[in-house]
Amino acid sequence: MASLNFFAVPQKSIRKVQSYMNKDVLIIGGGIAGLTAALYAQRAGLSSVVFEKNVCGGQIVQSAEVENYPGLPSVDGPTLATAVWEQACGHGAEVIFDEAAAISLDGQDKSITTFSGDTYHGKAIIWAGGVKRRLLGCEGENRFTGKGVSYCATCDGAFFKGKTVAVVGGGNTALEDALVLAKLCEKVYLIHRRDTFRGEAVLAEAVKKQSNIELVLNAQVKKISGEGKVSSIDVSFTDGGSRSIEVSGVFVAIGLIPDTKLLEGIIELDDAGYIPAGEEGVTSIPGFFVAGDCRTKKLRQLITAASDGANAAQSALEYLRSI
Ligand SMILES: Cc1cc2nc3c(=O)[nH]c(=O)nc-3n(C[C@H](O)[C@H](O)[C@H](O)COP(=O)(O)OP(=O)(O)OC[C@H]3O[C@@H](n4cnc5c(N)ncnc54)[C@H](O)[C@@H]3O)c2cc1C
């Protein structure tokens, strides 16, 4: 793993705040989408400030290895996040480590109030709050996250080439993950707590036809075990039975939770809580834009988060020119 200078770098950007009360663009979320939005906003001559409630970089700081970011054949998440963070700050973006706790989107003077009680005004707001992964909650899950437990087959499937893995879930993501992994892995167990799938029938049929996918139905993962990395899981069945299965990887595909609770009642969200918007990030509220995993879209990845950030900043620029 490359050296993690992640926690050393951006101290210069952590300043206390009074002079930054008015900006062109307020950006909520310091993941790849939010930081890219800040980079593009600054380079377009706008002033921007990013609010981050945890660590800059977002979800990807949890990843030990990223292999699908163009131009970086292999990089760990914190190093990638730090590079984007430095790049945005290098162009003058500010980062404030505080949570956006209230938001006002009325009219041309928009504002957010943070958990600490400070209120910031901006002419436009970009929401880049990302998603949280739904967890299994079983024994061993936390211990083996990044050591065989993954929440993203697109991201990590290639690390399990030729191996045996389990996918947990019954929706479209689980079915798609099982099909993707079946092409890479020797064998895939698809573990689902019911006997029918929530996902589309066409995907369920494709899964059933795939000779190296074994369905383990009416079953729940109770424990993930191994020595340093995953080697087996224990499942229990609704009829009271149990089974131990040898696997090198466990792909948890039981859903994402968009971090959009604050927006409920302020803007229309889809049934799952995502903010409806196309790739330009334009929402139903003038001057309020969205970027990254929290918007309605098919592929939630770094590359699409970065692309969204750039697009949302461009949309904000055009909006600011128009008012
Ligand atoms: C373990 C793991 C491995 C992955 N591996 C890959 C990979 O190899 N390749 C790939 O392309 N993708 C990978 N992904 C997916 C990728 O990380 C995401 O698609 C990407 O991070 C989305 O970026 P984002 O900026 O939209 O959201 P996020 O990364 O979720 O960032 C959102 C940020 O907003 C902050 N936030 C939310 N609400 C508030 C608020 N109210 N106030 C202040 N801050 C707030 C959060 O703390 C978070 O830091 C992986 C994800 C995980 C979890």
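Residues numbered from 1 in each chain as written. Predicted model: local features only at pLDDT ≥ 70, side-chain atom pairs only at ≥ 80, totals over all residues. Heavy atoms only, no water.

Draft legend 1. Region of the structure containing the domain arrangement of the protein chain. Domain annotation of the protein chain identifies domain 1 (9-132 + 256-322) and domain 2 (135-252). Placing the centre of domain 1 and that of domain 2 at their C-alpha centroids yields a distance of 32 Å. Domain 1 puts 6 residues into the contact, and the matching count from domain 2 is 7 residues. In this assembly, domain 1 packs against domain 2 so that about 480 Å² is buried in total across both faces, 49% of it on carbon and sulfur atoms. When the area that domain 1 buries against domain 2 is broken down by residue, the three leading residues are E65, E67 and Q301, summing to 57%. Counting the contacts that link domain 1 with domain 2 gives 1 salt bridge. (Domains from an automatic or database assignment. Contact = heavy atoms within 4.5 Å. Buried area = accessible area lost by both parts, 1.4 Å probe. Salt bridge = Lys/Arg side-chain N within 4 Å of Asp/Glu carboxyl O.)

Draft legend 2. Representation of the pattern of salt bridges within the structure. Under the defined criterion, the tally for this structure stands at 9 salt bridges. Among the salt bridges present, the one from R243 reaches E214, with a minimum N-O distance of 3.1 Å. With R243 in strand β14 (residues 242-246) and E214 in strand β11 (residues 213-216), this pair connects stretches of sequence that are 29 residues apart. Residue E214 is classed as partly exposed on the basis of its relative accessible area of 23%. Across the salt bridge formed by D308 and R295, the nearest N and O atoms sit 2.9 Å from each other. Of the two residues, D308 sits in helix α6 (residues 302-322) while R295 sits in the loop between β17 (288-290) and α6, which places them 13 residues apart along the sequence. Comparing D308 with R295, the two get one shared label, buried. (Helix = DSSP H or I, 4+ residues; strand = E, 2+ residues; numbered from the N terminus. Buried < 20%, exposed > 50% of the residue type's maximum accessible area, 1.4 Å probe, protein only.)

Draft legend 3. Region of interest: a positive patch on the surface. On the surface, a cluster of positive charge is contributed by R134, R193, R194 and R198. Structurally, the position occupied by R194 is in the loop between β10 (187-191) and α5 (201-209). (Patch = residues over 30% accessible without salt bridge, like charges linked within 9 Å, V, L, I, M, F, W, Y side chains within 5 Å. Areas by Shrake-Rupley, 256 points an atom, 1.4 Å probe, with all protein chains shown as cover. Lys, Arg positive; Asp, Glu negative; His and termini not counted. Charge placed at Lys NZ, Arg CZ, Asp CG, Glu CD.)

Draft legend 4. A look at the layout of surface pockets. Space inside the second largest pocket adds up to approximately 910 Å³. Those elements that place two or more of their residues in the lining of the second largest pocket are α3 (153-156) and α4 (172-184). A per-element tally of the lining of the second largest pocket places α4 first, with 6 residues. Structurally, the lining of the second largest pocket is a two-domain feature, drawing no fewer than three residues from each of domain 1 (9-132 + 256-322) and domain 2 (135-252). (1 Å grid on protein atoms, 1.4 Å probe; cavity = no way out; pocket = protein on both sides within 12 Å on 5 of 7 lines; lining within 4 Å. Points joined across faces, edges and corners; volume = space filled by probe spheres on them.)

Draft legend 5. Structural context of the sheet that holds β11. Pairing within the open sheet is parallel, and its 5 strands lie in the order β8-β15-β9-β10-β11. Here the strands that pair on one side only, and so sit at the sheet edges, are β8 (149-150) and β11. Inspection of the sheet shows strand β9 (residues 164-168) paired to strand β15 (residues 249-252) by 4 bridges, in the parallel sense. Opposite V168, over in β15, you have V252 as the bridge partner. (Pairing = 2+ DSSP bridges.)

Draft legend 6. Expanded view of the site of the ligand. Around the ligand sit 34 residues in total, of which E52, Q59, N68, D293 and L302 are the nearest. Within the side chain of Q59, an N or O atom sits 2.8 Å from an oxygen atom of the ligand. A distance of 2.8 Å separates a nitrogen atom of the ligand from a polar atom in the side chain of N68. Contact with the protein chains hides 96% of the accessible area of the ligand, taken as 1,000 Å² for the molecule alone. (Near = heavy atom within 4 Å. Polar contact = N/O pair within 3.5 Å; in protein donor to acceptor, adjacent residues only side chain to side chain.)

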